[in-house]
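# Coordinates in review
Letter by letter, the chains look like this.
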Amino acid sequence: MVIGRVVDSIWCTRKEAELKGLKFLKVKLLDHQKEADNPRIVVATDLIGAGIGELVLITNGSSARRTEGLKDAPVDAIIIGIIDEKNDGQEGINE
């Protein structure tokens, strides 16, 4: 799983039949070490209602297709959670 920030919506009027009715969002991934913006952008399927500017949790590859209703869809990334808050990992240091 990776963390990203939703930066835009994507609309497709023509697409594979298995993708009809799915919402797509453009997500900028966060750098794994620094949690700063990473130049990598993915298009993720959104079934949970994420919005622009939100931090999201994404799974990709075959795990993305394990979501109910996506077994035969050509989906590589899916938003599986909206992050409400996170800590910076500094608890317990110098205590």
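The text that follows walks through the structure, step by step, so that each part is easy to find. Since the structure is predicted, the reported quantities are computational estimates derived from the model, not experimental observations.

With respect to the element layout, Ile83 can be found in the segment after strand S5 (77-82). Looking at Ile83, the relative accessible area reads 22%, which means it is partly exposed. Sequence spacing of Ile83 and Glu54 is 29 residues, and the spatial spacing of their C-alpha atoms is 7.5 Å. Ignoring any residue separated from it by four or fewer positions in sequence, one finds Ile83 in contact with Ile3, Leu55, Val56 and Leu57.

For the structure on display, the rule yields one salt bridge. Residue Asp46 is joined to Lys23 by a salt bridge in which the shortest nitrogen-to-oxygen separation is 3.2 Å. Highlighted residues: Asp46 in strand S3 (residues 37-46) and Lys23 in strand S2 (residues 23-30), separated in sequence by 23 residues. A residue is classified by how much of its surface remains accessible, and Lys23, at 36% relative accessible area, is partly exposed.

Listed in full, the eleven residues of the largest apolar core are Val6, Leu25, Val27, Leu29, Val42, Ala44, Ala50, Val56, Ile58, Ala77 and Ile79. Going through the elements one at a time, S2, S3, strand S4 (55-60) and S5 are the ones with two or more residues in this core. For this core, the element with the most residues is S2, which contributes three residues. Leu19, Phe24, Leu70 and Val75 belong to the second-largest nonpolar core, a separate cluster that totals seven residues.

What counts, and at which threshold
Residues numbered from 1 in each chain as written. Predicted model: local features only at pLDDT ≥ 70, side-chain atom pairs only at ≥ 80, totals over all residues. Heavy atoms only, no water. Helix = DSSP H or I, 4+ residues; strand = E, 2+ residues; numbered from the N terminus. Buried < 20%, exposed > 50% of the residue type's maximum accessible area, 1.4 Å probe, protein only. Contact = heavy atoms within 4.5 Å. Salt bridge = Lys/Arg side-chain N within 4 Å of Asp/Glu carboxyl O. Core = buried A, V, L, I, M, F, W, Y, C linked by side-chain atoms within 4.5 Å.

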